Amino acid sequence: QPKTPSKDDSEFRDYSHSEISRDVATIKNSVVMHLTATFLRTPASIDSAHAYLASAFSVRDRLLQRWNLTNEYHDKIGAKRVYYMSLEFLIGRTFDNALLALGLRQEYSKVLGDVGFCLEDIIDEERDAALGNGGLGRLAACYVDSMACSNYPGWGYGLRYKYGMFQQQILNGYQVEAPDCWLDSPNPWEFPRPDVTYPVKFYGHLVRDPHSEHRFKWESNVVYDAMAFDVPVPGYGTTNVGNIRLWSCKTNTLFDLNKFNSGDYQGATGGQVAAQILTDVLYPNDNTNDGKELRLRQEYLFCSATMQDILARFRKTNRPLSELPDLAAIQLNDTHPTLGVPELMRILIDDEGLSWDEAWDITTRTFAFTNHTILPEAMEKWPVPMLDKILPRHMGIIYDINLFFLQKVEKQFPGDRELLNKISIIEESNPQQVRMAFLACVGSHKVNGVAAIHSDIIKQTIFKDFVRIQGEDKFINKTNGVSPRRWMNECNPDMSDLITEVVGDRSWVNDLTKVKQLEGKLEDVNFRERWWAAKQKNKERLAEYILTTTGIKVSAHALFDIQVKRIHEYKRQLMNIFSVIYRYHLLKQMSPEQREQEVPRVVIFAGKAASGYWVAKQVIKLINSVAEVVNSDEEIGDVLKVVFIPDYSVTAAEVIIPASDISQHISTAGTEASGTSNMKFVLNGGIILGTVDGANIEIGEEIGEEQIFFFGCLAHEVEDFRHYLRFNQPKPDSALQTAFDMIQRNTFGDAQLFQPLIDAIMRGGDVYLLSVDFPSYIEAHKAVEEAYRNHDEWVTKSILSVARMAKFSSDRSIQEYAEEVWNIEPQPVLNCGL
Ligand code: AZC
């Protein structure tokens, strides 16, 4: 047991509470200290990698000091906190973000400049923290950013994967995956906490408590240790620093000394290997669930450690457990953390001795649940036998939750057996399955979708019966948002400077409503020119990036037409590349003089396919095959270029997004819950070509429909089209047929490779309605081109769009969650009086 000091903290307090001086000399001193004392370099042996590490560690010192202040203060005032539970946090880089938040970018630039480094090169030394797949994981990162910047007491909880999202290489046009060993070099942005470690049990058996119907003792000797790593989340322009607590499976307790002593070296570490694997890799699936046992064990390790940690913090307040919901709100980011519900029940009943009803009341008042998709293949279900084997106690609790829920419904709707079957948490299949979305819904006091259309759809589909049973009020909408810090101020410095000039200061970064003032600049010719110059500079930066990553030279004066996101059939990259093929065909028909008249275009793709998703991988191959033919066709030249940028990431997005003229968000209506890159593109002055789906709709409502190019069928029409196509061959229009013909004539290499993609449309029922939407898609492209020719009109669209994007700041989303779901308030640490 560590000893505590015999005097109070007054001797140290002033030192820990006064801010480290911000002058260049102090910073230089701290960087050199880290260079020598943390990394054992001399100033003579400094390189960019160590310059980055030393600088990052010196920034981290400041963040950790503020981290302490924030948490000490929130503890002291007994603030209610929100805990955002997510299996994914797609953070990206932190160094530049932290410098901007602390307002120390210039100072560090000077310090590094003094030894002959350029800050941008040092920033490029950092590896992305890619602990997520796509939208869901990046949303979690934007949300903890907003919590910190808006001074909400809130923590993220997640897993510290040793290997993040795989790195994508393109070899011979195909995606090849390489492991993302992001922890190979020191990670300045995490703080290990060996003292915060919890045991997590698996398997074993149950012993019923003779005195209580609902209590059990769960005995097992398969116990892993989950150890915390804290990732500070810089608050921009505030002392508050947020936290993401990531769990890693600790292995040293599993070393078997007896086996080692008897010479069985492999056996001695066998337990360590098994444990380590638990938090080794992020499952690379976006919007799909592959039901692997290891994934279930990851989820439980995460939920158990998190619930134990939240309760340990709560116990320090000495308040009765019935008050847990007054001090803690827990948000489930999709169903992946849903085991938190039975885990909290288990602790409250078995360990704390509460009755079922008391425990259930506390649990349901604490949890809320966000759904992010209605794609059937993404719906999490776990076979009952698997759950029962790995987590016998939780399976029992889930049965009871279901039983009591069904009993209540039976009273409400007597005799409606079909209803009971439809809403049962246990699906009566063979084997039986636990429907995690239903468990999350029943265990939560609020359920939300992520855009208006999506929240309506879930009320009419998966949660329809629950709305009837539990009431309308439980089911709400919280439209997604993105952080203006990263997705404007950091990634688009020139446009940010222009906004700052108009607003008068940089306060818009934490209050996006202020960008509205841009509307006053619409007639200012000089401003418009500078606006466009900023866009042009971003395009040049992207052209440079394309050249270094792909070797393809593109003209920054062409229209940049961008679709970057996970490769998925419902997102319809395939439709995009078919339209490119058709455009290529049209260009080939033209005379050189006619081609001269065309708007030159660079069509840019990027995105990863889940490693087991064959169709998505063939789409990547097709894009690359088309690119190869088109780009080497001298007749075509700069009139059309096609680019697939490898290894899409947060950092790549920060270069790509500010450079768009047009970005495509073209999911089949009703399939993209929200989308968030659509928001980022518009915020950066790009125009959307999109379907009437997800947040595109609300973006259109905010910025005005003239600022957005909509096409395609509407969500309510989709079922009828699908029904028709189940029984009838699709009728591709001549444009789509032309694209098919060109592929089938081996224009882009062996047609056999791509025939399955065509077959999915022509024989597979065209589930994503490419044949239905293609004609209006081509029309929309024509409209884009016409509009782009009118430069003045285009610039007006660009400025107007940005001016009207306030709603899509994640600060607005977080404020809504705070007020309507979590019941928490901002607690700026500046007023702490510590
Ligand atoms: C995504 C949705 O597909 C996307 O539309 C949304 O913007 C994003 O979440 C954030 O809400 N969903 C996922 O990434 N994954 C799952 C399982 O839904």
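Before going into details, it helps to say that this report is about the structure given with it. (Residues numbered from 1 in each chain as written. Predicted model: local features only at pLDDT ≥ 70, side-chain atom pairs only at ≥ 80, totals over all residues. Heavy atoms only, no water.)

Looking at the element boundaries, isoleucine 703 is found in helix α28 (residues 694-703). Residues isoleucine 703 and lysine 316 lie 387 residues apart in sequence; the distance between their C-alpha atoms is 49 Å. Setting aside its immediate chain neighbours within four residues, isoleucine 703 contacts Val682, Ser801, Arg804 and Met805. (Helix = DSSP H or I, 4+ residues; strand = E, 2+ residues; numbered from the N terminus. Contact = heavy atoms within 4.5 Å.)

Further remarks concern the sheet that holds strand β24 (residues 708-711). Strands pair in a sheet through their backbones, by hydrogen bonds, and they do so in one of two ways: parallel or antiparallel. On the basis of which strands lie adjacent, the open sheet formed by six strands has the order β21-β20-β19-β22-β23-β24 and parallel pairing. Two strands in the sheet have a free side with no partner beyond their single neighbour: β21 (640-645) and β24. Averaged over neighbouring strand pairs, the angle between their axes works out to 20° when direction is ignored. In the sheet, strand β19 (residues 559-564) pairs with strand β22 (residues 662-665) via two bridges, with the strands oriented parallel. From the neighbouring strand, aspartate 561 faces β22, where its bridge partner is isoleucine 662. The strands that helix α32 (residues 770-789) touches are β19, β20 (601-606), β22, β23 (687-691) and β24; relative to β24, the one it contacts most, it runs at about 160°. (Pairing = 2+ DSSP bridges. Axes fitted to C-alpha atoms, helices over the stretch in contact; angles between N-to-C directions.)

Residues in contact with the ligand amount to 16 residues; listed here are only the nearest, Asn287, His372, Asn480, Glu672 and Gly675. Contact between the ligand and asparagine 480: an oxygen atom at 2.8 Å from a side-chain N or O atom of the residue. Interatomic distance of 2.8 Å between a backbone N/O atom of glycine 675 and an oxygen atom of the ligand. Out of a free accessible area of 430 Å², the ligand has 95% covered by protein chains. Each of domain 2 (80-91 + 128-380 + 437-479 + 820-831) and domain 3 (538-792) gives at least three residues to the shell around the ligand. (Near = heavy atom within 4 Å. Polar contact = N/O pair within 3.5 Å; in protein donor to acceptor, adjacent residues only side chain to side chain. Areas by Shrake-Rupley, 256 points an atom, 1.4 Å probe, with all protein chains shown as cover. Domains from an automatic or database assignment.)

Among the nonpolar cores identified, the biggest contains 263 residues, and Phe578 and Trp822 are the most heavily contacted of them. Broken down by element, the residue count for this core peaks at 10 residues, all from helix α10 (residues 293-315). Beyond its immediate chain neighbours, meaning those up to four positions away, tryptophan 822 contacts Lys80, Val82, Tyr84, Met147, Ala329, Gln331, Ile814 and Tyr817. (Core = buried A, V, L, I, M, F, W, Y, C linked by side-chain atoms within 4.5 Å. Buried < 20%, exposed > 50% of the residue type's maximum accessible area, 1.4 Å probe, protein only.)

Glancing now at the sheet that holds strand β15 (residues 426-427). Taken together, the three strands give an open sheet; going across it, the order is β14-β16-β15, and neighbouring strands pair in antiparallel fashion. Each edge of the open sheet is held by one strand with a lone partner, namely β14 (381-383) and β15. One ladder, built from two bridges, connects β15 with strand β16 (residues 433-435); its direction is antiparallel. Across the sheet, isoleucine 426 pairs through a bridge with valine 434, a residue of β16.

Our focus in this paragraph is the state of the cysteines. The tally for this structure, following the rule as stated, stands at zero disulfides. The structure places no disulfide on cysteine 303, whose sulfur is separated from the nearest cysteine sulfur, that of cysteine 249, by 14 Å. By relative accessible area, cysteine 303 is classed as buried at 0%. Here cysteine 441 stays free of any disulfide, with the sulfur of cysteine 303 as its closest cysteine sulfur at 17 Å. (Disulfide = S-S within 2.5 Å.)

A separate point is the packing of aromatic side chains. The geometry of an aromatic ring pair comes down to the distance between the two centres and the angle between the two planes. Summed over all chains, the structure comprises 27 aromatic pairs. On the numbers, 5.7 Å between centres and 55° between planes, the contact of tyrosine 83 with tyrosine 157 is tilted. Taken as a pair, tyrosine 83 in strand β1 (residues 81-85) and tyrosine 157 in strand β4 (residues 154-159) lie far apart in primary sequence, 74 residues in all. According to the relative accessible area criterion, tyrosine 83 is buried, its value standing at 3%. Look at tyrosine 157 and you get buried, because its relative accessible area is 0%. Aromatic pair phenylalanine 202 and tyrosine 224: ring centres 5.6 Å apart, planes at 55°, arrangement tilted. With phenylalanine 202 in strand β7 (residues 191-202) and tyrosine 224 in strand β10 (residues 222-234), this residue pair connects regions lying 22 residues apart in the sequence. Accessibility assignment for this pair places phenylalanine 202 and tyrosine 224 in one class, buried. Among the aromatic residues, ring-to-ring pairing joins Trp67, Tyr83, Trp155, Tyr157, Tyr198 and Trp247 into one connected group. (Phe/Tyr/Trp six-rings, centres within 6.5 Å; stacked < 30°, edge-to-face > 60°.)

Let's shift gears to empty space enclosed by the protein. Counting across every chain of the model gives six cavities of 30 Å³ or more. Taken as a whole, the largest cavity encloses approximately 140 Å³ of empty space. Every residue lining the largest cavity is counted, 14 residues in all, and those nearest its centre are Ile91, Asn97, Ala141, Val233 and Arg486. Contributing elements (two or more residues each) for the lining of the largest cavity: α7 (135-149) and β10. A per-class count over the lining of the largest cavity returns eight nonpolar, two polar and four charged. (1 Å grid on protein atoms, 1.4 Å probe; cavity = no way out; pocket = protein on both sides within 12 Å on 5 of 7 lines; lining within 4 Å. Points joined across faces, edges and corners; volume = space filled by probe spheres on them. Nonpolar A, V, L, I, M, F, W, Y, C, P; charged D, E, K, R; others polar.)

Here we take up a negative patch on the surface. Among the surface-exposed residues, Glu701, Glu702, Glu705 and Glu706 lie close enough to one another that they form a single negatively charged patch. Along the polypeptide, glutamate 702 turns up in helix α28. Taking the relative accessible area as the measure of exposure, glutamate 702 reaches 35% and is therefore partly exposed. (Patch = residues over 30% accessible without salt bridge, like charges linked within 9 Å, V, L, I, M, F, W, Y side chains within 5 Å. Salt bridge = Lys/Arg side-chain N within 4 Å of Asp/Glu carboxyl O. Lys, Arg positive; Asp, Glu negative; His and termini not counted. Charge placed at Lys NZ, Arg CZ, Asp CG, Glu CD.)

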